[in-house]
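Listed below, chain by chain, are the residues.
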Amino acid sequence: MLVAAALEILADREPEKFIVDLGTGTGCLLLSILHHHSKATGVGIDISEKALDMAKANAESLNLGTRARFEIGNFVQKDRFTTIMAKADLIVCNPPYIATDEIPLLDPEVCQYDPYQAIDGGIDGLACYRALFPEVKACLKPEGRAIFEIGYRQSGAVAGLAERYNLRVYRMAYDLSGHKRAVILGQP
């Protein structure tokens with residue numbers, strides 16, 4: 001769903017775009033977008049070196065290694081984080097958004113195989129949005145957009161946080177079940 005929303009946003013823009021994938025993991029979001037935009041470049045940022053090694057290998061196997069780079073980064077290391085992001089045309093992010101006390105209730109294939117830090121969104125599931133939204137505005141070009149995946153019951157809370165940090169909510173993207181599952185943001 002994030003890739004579809006990204007491709008829709010990029011469809012009417014020049015192909016030479018800079019894309020940032022926050023919490024890139026295997027690189028699947030960034031690499032899928034780059035596959036469809038042959039002149040775009042991007043950076044994937046993750047806290048896990050193991051994940052970044054996998055993302056780099058995936059980029060090489062897809063012949064995207066010259067257009068994608070991957071760097072270690074932590075959302076709370078503000079100076080390094082904003083330097084890596086520079087001025088992005090598009091930011092995509094599937095952050096940890098599960099409330100800590102809900103993690104044991106997840107399907108076993110999620111809580112047993114996904115790294116804990118990749119799913120734990122803090123007490124209310126919104127910790128990463130609070131850390132990232134203050135930085136997004138400074139990292140986006142004026143006409144740039146940011147797409148964040150959200151939990152299916154978080155649209156109001158995430159939209160409220162975005163507005164609190166002076167970001168414009170352009171729209172929500174829906175999953176196949178009709179739930180709001182991503183927020184598309186930009187400059188006010």
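The structure under discussion appears in the preceding block.
Described in the following lines is the structure provided in the data block.

Quick look at the packing of helix H7 (residues 127–139) against helix H8 (residues 155–164) now. At their nearest, the axes of H7 and H8 sit 9 Å apart, and the two run at 30 degrees to each other. The angle between H7 and H8 falls in the class roughly parallel. You can see that H7 and H8 cross each other, and the crossing is right-handed. Here Tyr129, Arg130 and Phe133 of H7 come into contact with H8, specifically with Val158, Leu161 and Ala162. Taken together, the residues that form the contact of H7 with H8 break down as five nonpolar, no polar and one charged.

With that settled, consider the nonpolar core. Of all hydrophobic cores here, the largest spans 31 residues; its most connected members are Val20, Ile91, Tyr129, Phe133, Phe148 and Leu185. Those elements that place two or more of their residues in this core are strand E1 (18–22), strand E2 (41–46), strand E4 (88–93), H7, strand E5 (140–149), H8 and strand E7 (180–186). Of all the elements, H7 adds the most residues to this core, at six residues. Leu2, Leu29, Ile147 and Ile184 belong to the second-largest nonpolar core, a separate cluster that totals 25 residues.

This part is about the layout of surface pockets. Over the atoms a probe the size of a water molecule is rolled, and this reveals where empty space is left. Taken as a whole, the largest pocket spans an internal volume of roughly 950 Å³. Contributing to the lining of the largest pocket are 36 residues, with Gly23, Gly25, Asp46, Asn94 and Ala118 lying nearest its centre. Of all the secondary structure elements, the ones that give two or more residues to the lining of the largest pocket are E1, helix H2 (28–36), E2, helix H3 (49–61), helix H6 (116–119) and H7. The residue inventory of the lining of the largest pocket, partitioned by class, reads 21 nonpolar, nine polar and six charged. Of the volumes computed, that of the second largest pocket is approximately 270 Å³. What lines the second largest pocket is simply Tyr97, Ile98, Ala99, Glu102, Leu106, Asp124, Gly125, Gly151, Tyr152, Arg153, Gln154 and Arg181. Here the residues of the lining of the second largest pocket are counted per class, giving five nonpolar, three polar and four charged.

The next point concerns the packing of aromatic side chains. Summed over the entire model, instances satisfying the criterion amount to three aromatic pairs. Note on Tyr129 and Phe133: the rings are 5.7 Å apart at their centroids and 55 degrees apart in plane angle, and the pair reads as tilted. Pair noted here: Tyr129 and Phe133 are both in helix H7, with a separation of four residues, about one helical turn. Of the two residues examined, Tyr129 and Phe133, each falls in the buried class. When the centroid spacing of 5.1 Å and the interplanar angle of 80 degrees are considered together, the rings of Phe133 and Phe148 count as edge-to-face. Linking Phe133 in helix H7 with Phe148 in strand E5, this pair joins segments that are 15 residues apart in sequence. As far as the burial class goes, Phe133 and Phe148 line up, both buried.

Rules of the game
- Residues numbered from 1 in each chain as written.
- Predicted model: local features only at pLDDT ≥ 70, side-chain atom pairs only at ≥ 80, totals over all residues.
- Heavy atoms only, no water.
- Axes fitted to C-alpha atoms, helices over the stretch in contact; angles between N-to-C directions.
- Helix = DSSP H or I, 4+ residues; strand = E, 2+ residues; numbered from the N terminus.
- Parallel < 35°, antiparallel > 145°, perpendicular 65-115°, else oblique.
- Left-handed = near helix turned anticlockwise from the far one by under 90°.
- Contact = heavy atoms within 4.5 Å.
- Nonpolar A, V, L, I, M, F, W, Y, C, P; charged D, E, K, R; others polar.
- Core = buried A, V, L, I, M, F, W, Y, C linked by side-chain atoms within 4.5 Å.
- Buried < 20%, exposed > 50% of the residue type's maximum accessible area, 1.4 Å probe, protein only.
- 1 Å grid on protein atoms, 1.4 Å probe; cavity = no way out; pocket = protein on both sides within 12 Å on 5 of 7 lines; lining within 4 Å.
- Points joined across faces, edges and corners; volume = space filled by probe spheres on them.
- Phe/Tyr/Trp six-rings, centres within 6.5 Å; stacked < 30°, edge-to-face > 60°.

These figures capture arrangement, not role.
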